Amino acid sequence: KRTRHTFGKIKSFPKDDQSKPPHLTAFMTYKAGMTHIVRDVDRPGSKLHKKEVAEAVSVFESPPMVVVGFVGYVETPRGLRALTSVWAGHLSEECKRRFYKT
């Protein structure tokens, strides 16, 4: 089934460890399709041990990412709320065209 939108969305993030410095926690990936592979099974005791099996696999595409800014969040009784956004000062024209509506 084809997607109805052309842009991805990050649906989940790992738990935040505040002892670590700020770092990238997710990246955008698109499912490009599916194919199959033939691999050797290495499971001692199994009927398929040292035999070849065909398995379905997904193919993902990860385009290059450009950081355009940061969003600061504050915790409220109803969950996280965006406090402020900081945009990069050196955005390319392609990126500006995507974010700024004229």
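Residues numbered from 1 in each chain as written. Predicted model: local features only at pLDDT ≥ 70, side-chain atom pairs only at ≥ 80, totals over all residues. Heavy atoms only, no water.

### Looking at the environment of P44
Checked against the element boundaries, P44 lands in the loop between β1 (30-40) and β2 (52-61). P44 gets classed as exposed once you look at its relative accessible area, which sits at 70%. The sequence separation of P44 and A32 amounts to 12 residues, and the corresponding C-alpha distance is 34 Å. (Helix = DSSP H or I, 4+ residues; strand = E, 2+ residues; numbered from the N terminus. Buried < 20%, exposed > 50% of the residue type's maximum accessible area, 1.4 Å probe, protein only.)

### A look at the confidence of the model for the protein chain
With 92% of its residues at a pLDDT of 70 or more, the protein chain has an overall mean of 85. For the protein chain, per-element mean pLDDT is lowest for helix α1 (residues 93-99), which scores 79, and highest for β2, which scores 93. (pLDDT = per-residue confidence, 0-100.)

### Quick look at the pattern of salt bridges
Opposite charge on two side chains allows them to pair when their charged atoms are near. Tallied over the entire structure, the rule returns 1 salt bridge. Across the salt bridge formed by E55 and R39, the nearest N and O atoms sit 2.9 Å from each other. Placement of E55 in strand β2 and of R39 in strand β1 is noted, with a sequence separation of 16 residues between them. Using a relative accessible area of 30% as the deciding quantity, one classes R39 as partly exposed. (Salt bridge = Lys/Arg side-chain N within 4 Å of Asp/Glu carboxyl O.)

### What to know about the environment of F70
Mapping F70 onto the fold places it in strand β3 (residues 69-76). If we skip the residues at most four places from it in the chain, F70 touches T84, S85 and V86. (Contact = heavy atoms within 4.5 Å.)

### A closer look at unusual backbone geometry
Not every positive phi belongs to a glycine, and K50 is a case in point at roughly 60 degrees. Tracing the backbone shows K50 in the loop between β1 and β2.

### Section: the environment of E61
Here E61 is to be found in strand β2. Exposure remark for E61: the relative accessible area of 49% places this residue in the partly exposed category. Along the sequence, E61 and M28 sit 33 residues apart, while their C-alpha atoms lie 8.9 Å from each other. Those residues in contact with E61 that lie beyond four places of it in its chain are T29, Y30 and A32.

### A word on the pairing of β1
Among the 11 residues of β1, 0 are classified as buried, and the element is accordingly described as predominantly exposed. Pairing between β1 and β2: 10 bridges, direction antiparallel. The residue of β2 that forms the bridge with M34 is S58. (Pairing = 2+ DSSP bridges.)

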